[in-house]
Amino acid sequence: MLVTAALAICAVTAALLRRRTGTAAPAPALPDQLPPADPGMIPLTVPETGRLLARPPPPGSAAHWLAWRRRHQARSRWYHQRTRLARDTAIVLVS
């Protein structure tokens, strides 16, 4: 019961912070579009929120790692969306 309450707190916190922490670049519109200079960062997830609430990172490497990871995930998401867009365009052209 206590674990469910903790998960609910993390989910609510992540949902409230979604708009403030999510700075990811817009999705690509064309399959040959160049990547953005700054990919931004994905919003905080529920597991990351739980880790931050349980053990706040000390200033320095832990906060840097979290920012790097979220920026890397935003860049990966953008490239995956562009690849999917190219694949879907190729399927439509073949059909």
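Scoring rules and cut-offs
- Residues numbered from 1 in each chain as written.
- Predicted model: local features only at pLDDT ≥ 70, side-chain atom pairs only at ≥ 80, totals over all residues.
- Heavy atoms only, no water.
- Helix = DSSP H or I, 4+ residues; strand = E, 2+ residues; numbered from the N terminus.
- Expected span 1.5 Å × (residues − 1).
- Bend = angle between axes of the 7 residues up to and from the residue.
- Buried < 20%, exposed > 50% of the residue type's maximum accessible area, 1.4 Å probe, protein only.
- Axes fitted to C-alpha atoms, helices over the stretch in contact; angles between N-to-C directions.
- Parallel < 35°, antiparallel > 145°, perpendicular 65-115°, else oblique.
- Contact = heavy atoms within 4.5 Å.
- Nonpolar A, V, L, I, M, F, W, Y, C, P; charged D, E, K, R; others polar.

> An account of helix α1 (residues 2-21) is needed here, citing residue identities and associated values.
Over its 20 residues, α1 runs 27 Å from end to end, which matches the ideal 28 Å to within 8%, given 1.5 Å per residue. Along α1, the sharpest kink reaches roughly 30°, centred on Ala15. Taken together, the buried positions of α1 are occupied by Cys10, Ala14 and Thr21.

> Got a sec to walk through the packing of α1 against helix α2 (residues 46-54)? Specific residues and values, please.
Across the interface, α1 lies against α2 with an axial gap of 8 Å and an inter-helix angle of 110°. Viewed along their axes, α1 and α2 adopt a mutual orientation that is roughly perpendicular. Between α1 and α2, the residues in contact are Leu7, Ile9, Cys10, Ala11, Thr13 and Ala14 and Val46, Thr49, Gly50 and Leu53, respectively. Class assignment for the residues of the contact of α1 with α2 results in seven nonpolar, three polar and no charged.

That is the geometry; function is a separate question.
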